[in-house]
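# Commentary on secondary and tertiary structure
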There are 2 protein chains.
Amino acid sequence: MPTRKKIVTIGGGTGRFALLQGLKKYPVDLSAIVTMSDDGGSTGRLMDEFGVLPPGDLRQCLVALSSAPQVMRKLMNYRFDKGELKGHNFGNIFLSTLELVTGSLDKALDLAGSILNIKGRVLPVTLDKIKLVAELKNGKVIEGEDALGDYQLVSRFGIKKIYLKPKGHPNPKALQAIKEADMIIVGPGDLYTSLIPNFLVSGISSAFIKSRAKKVYVVNLMNKNGHTDDFEVSDYVRVLEDVVGKKKAFDTVVYNTKNPSTALLRKYADEGEPVLRRKGANGQKMVGANLLASHLVKKAKGDVLQRALIRHDPQKLAAVLMRLSK
Amino acid sequence: MPTRKKIVTIGGGTGRFALLQGLKKYPVDLSAIVTMSDDGGSTGRLMDEFGVLPPGDLRQCLVALSSAPQVMRKLMNYRFDKGELKGHNFGNIFLSTLELVTGSLDKALDLAGSILNIKGRVLPVTLDKIKLVAELKNGKVIEGEDALGDYQLVSRFGIKKIYLKPKGHPNPKALQAIKEADMIIVGPGDLYTSLIPNFLVSGISSAFIKSRAKKVYVVNLMNKNGHTDDFEVSDYVRVLEDVVGKKKAFDTVVYNTKNPSTALLRKYADEGEPVLRRKGANGQKMVGANLLASHLVKKAKGDVLQRALIRHDPQKLAAVLMRLSK
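Report follows, based on the coordinates. Quick caveat: nothing in here was measured; it's all calculated off a predicted structure.

Two measures define how a pair of helices packs: the angle their axes make with one another and the distance between the axes. Residues and elements named next belong to chain B. In the contact formed by helix α10 (residues 191–200) and helix α12 (residues 233–244), the axes pass within 9 Å of each other and the chain directions differ by 30°. As judged from the angle between their axes, α10 and α12 are roughly parallel. Like other packed secondary-structure pairs, α10 and α12 cross with a definite hand, here right-handed. The residues of α12 that touch α10, namely those facing L191, Y192, I196, F199 and L200, are Y236, V239, L240, V243 and V244.

Right, here's the structure in full:
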């Protein structure tokens, strides 16, 4: 039996959910590294009240990697719509309580992974309590990932400095996964709130640079208004490589070539425009492909994939990446 | 291989928890029938907000019958002590959310039973929404199990009538278990709020009377001040047989003969006095034994067994009952 390829993903949101769903069907050894700077919504409330680490992004990865019956995945994503629990997500409460009971997020994830029968591992990038801080060029300081995500003038003023407070120690399991990986896939995910915070944790960028893995950046389908307006493919790579601290840190860039329908784009206009590729490569191999999910799904409560109108197709995305892994 | 004895338990609280913990170590086919009139605390809040059936007593039976690792049992019993979730019990939220996701308490219990690797089955006595109502002889009407449990003048005025509103259809699985049982153990459990409400559900008393099972009443260790003051063993049996509608409905009565220490009795004085046996049998076989847990356990958050100072010993209780089952 050939050794299974070790694939590490670093990303967030609906895009990474699709990526993990696609990759888990292949015979690979999957690790999902998760930013720990989330502080909004149900996650933020649980952190404030119980002093736990942020469960929301971890839960999404657990669900994406789960082979448990559909009902268990529905349970984990169930969002309460009334009463005292309103806005909370059952899976977040579940993970936080497991952390309180076991006294460690690491143990909580082991147990949750076994209950949900996950394929692969979900690894917090750090087990320290950290906060994302962005200093804009006009002097404004934005504290917290949630606040930064909501701030609409990031691109107008530009980010002078982005950092974690405190910097956070890297999770040894995440470092190890990066070191041993055959391929590291960064993205899809929100540039400032899902991708960059991982590389700001002490030791992660240097481990990434040192790793002999093939390094692939999967660029988002859409720009984010107020954050990455008018970014094209090469801008995403450039900004992230600046944070990582090495030009050509990525070998390969994967981007979408298929335009969403005009009707969809109109609905999405308040959120952003498609990411285009205008310039040539910056030394990376450029892989353009149709990565767009072609069928619309009815919105279902709490299902992260179905929250996005324009989204990656898990199968198309995974197929492109698996070809690159050879 | 000989067929395994089918044992049905009907009870509640710490006493039944001890009983199930003791019985699950024997090679028997166990069913725990659970009253559905609980409406207090965390359970009542979940019922009010989400329209679910009461999860609390079901959860306790699931935990008692679980062979899952200790951490899973701790998780199910975890009680939040601050914030919006204060007073809620994780296991209650878990069961209620499973009921919301699956649309049925029956399916929720199947799933929870499999996650918790339970030995036996936990069967709600009814799947209808019911309320326990007690009418006292002075005309006062007390609505709700929680209110009745807290009312301190029940024994002073006496109960004229106790009933469910509505009466509730019996859970077919509970009826079937009663019908096929080799032994039905009623108690331990609070007389008015844990035992009687089961027999008030339409069809349960007649199924109990018709069943060819050996019928054993396990009398509580302690009377409950304000409810069963000065009751002796035969009073418990008489009051319950009145509700069931048949004299000598029970074949055998099991009661404790060992007095708790004076120190413990002093601490417990506000709650009640030991149940004594003064009179002879009412046609039943009387089995007295030392059923008392002899070692004190440190109180641990949320552990139902450890909430009671004076409690049954799971091994002693199960041993007496297993001898009777032969």
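Residue-level contacts link 25 residues of chain A with 25 residues of chain B. Between chain A and chain B, the buried area comes to about 2,500 Å², and carbon and sulfur atoms account for 77% of it. When the buried area of chain A at its contact with chain B is split by residue, A:F50, A:E84 and A:V101 rank highest and sum to 24% of it. Counting the contacts that link chain A with chain B gives 2 salt bridges. Taken together, the connections running from chain A to chain B amount to 6 residue pairs in polar contact (both at pLDDT 80 or more). For the side of chain A that touches chain B, the secondary-structure elements that each account for two or more residues are α2 (41–50), α4 (70–77), α5 (90–102) and α6 (105–115) of chain A. The greatest single-element share of the side of chain A that touches chain B, amounting to 8 residues, is contributed by α5(A). Residues belonging to the side of chain A that touches chain B are distributed by class as follows: 16 nonpolar, 4 polar and 5 charged.

We now examine the environment of B:A281. Here B:A281 lies in the loop between α13 (262–268) and β10 (285–289). When the C-alpha atoms of B:A281 and B:S234 are compared, they prove to be 7.3 Å apart, with 47 residues separating the residues in sequence.

Quick look at the pattern of salt bridges now. Within this structure, the stated rule accounts for 18 salt bridges over all chains. Residue A:E135 is joined to A:K160 by a salt bridge in which the shortest nitrogen-to-oxygen separation is 3.6 Å. Of this pair, A:E135 sits in strand β4 (residues 131–136) while A:K160 sits in strand β6 (residues 159–165), and the two are 25 residues apart along the sequence. A salt bridge links B:D106 to B:K173; the shortest N-O distance between them is 3.0 Å.

Once that is clear, we can look at the sheet that holds strand β7 (residues 183–186) of chain A. Residues and elements named next belong to chain A. Taken in spatial order, the 7 strands of this open sheet run β3-β2-β1-β7-β8-β9-β10, and their pairing is parallel. Strands at the two margins of the open sheet, each flanked by one partner only, are β3 (121–124) and β10 (285–289). When the angles between neighbouring strand axes are averaged without regard to direction, this sheet yields 20°. Summarising the sheet, strand β1 (residues 6–10) and strand β2 (residues 29–34) pair through 5 bridges and their orientation is parallel. Counterpart to I7 in the pairing with β2 is L30. Packing of helix α10 (residues 191–200) onto the sheet brings it into contact with β1, β2, β7 and β8 (214–218), and relative to β1 it is tilted by some 125°.

Further remarks concern the side chain of A:H227. By the element assignment, A:H227 lies in the loop between β8 and α12 (233–244). With residues near it in sequence (within four places) discarded, A:H227 still touches A:L148, A:G149, A:Y151, A:V154, A:S155 and A:Y192.

Scoring rules and cut-offs
Residues numbered from 1 in each chain as written. Chains lettered and ligands numbered in written order. Predicted model: local features only at pLDDT ≥ 70, side-chain atom pairs only at ≥ 80, totals over all residues. Heavy atoms only, no water. Axes fitted to C-alpha atoms, helices over the stretch in contact; angles between N-to-C directions. Helix = DSSP H or I, 4+ residues; strand = E, 2+ residues; numbered from the N terminus. Parallel < 35°, antiparallel > 145°, perpendicular 65-115°, else oblique. Left-handed = near helix turned anticlockwise from the far one by under 90°. Contact = heavy atoms within 4.5 Å. Buried area = accessible area lost by both parts, 1.4 Å probe. Salt bridge = Lys/Arg side-chain N within 4 Å of Asp/Glu carboxyl O. Polar contact = N/O pair within 3.5 Å; in protein donor to acceptor, adjacent residues only side chain to side chain. Nonpolar A, V, L, I, M, F, W, Y, C, P; charged D, E, K, R; others polar. Pairing = 2+ DSSP bridges.

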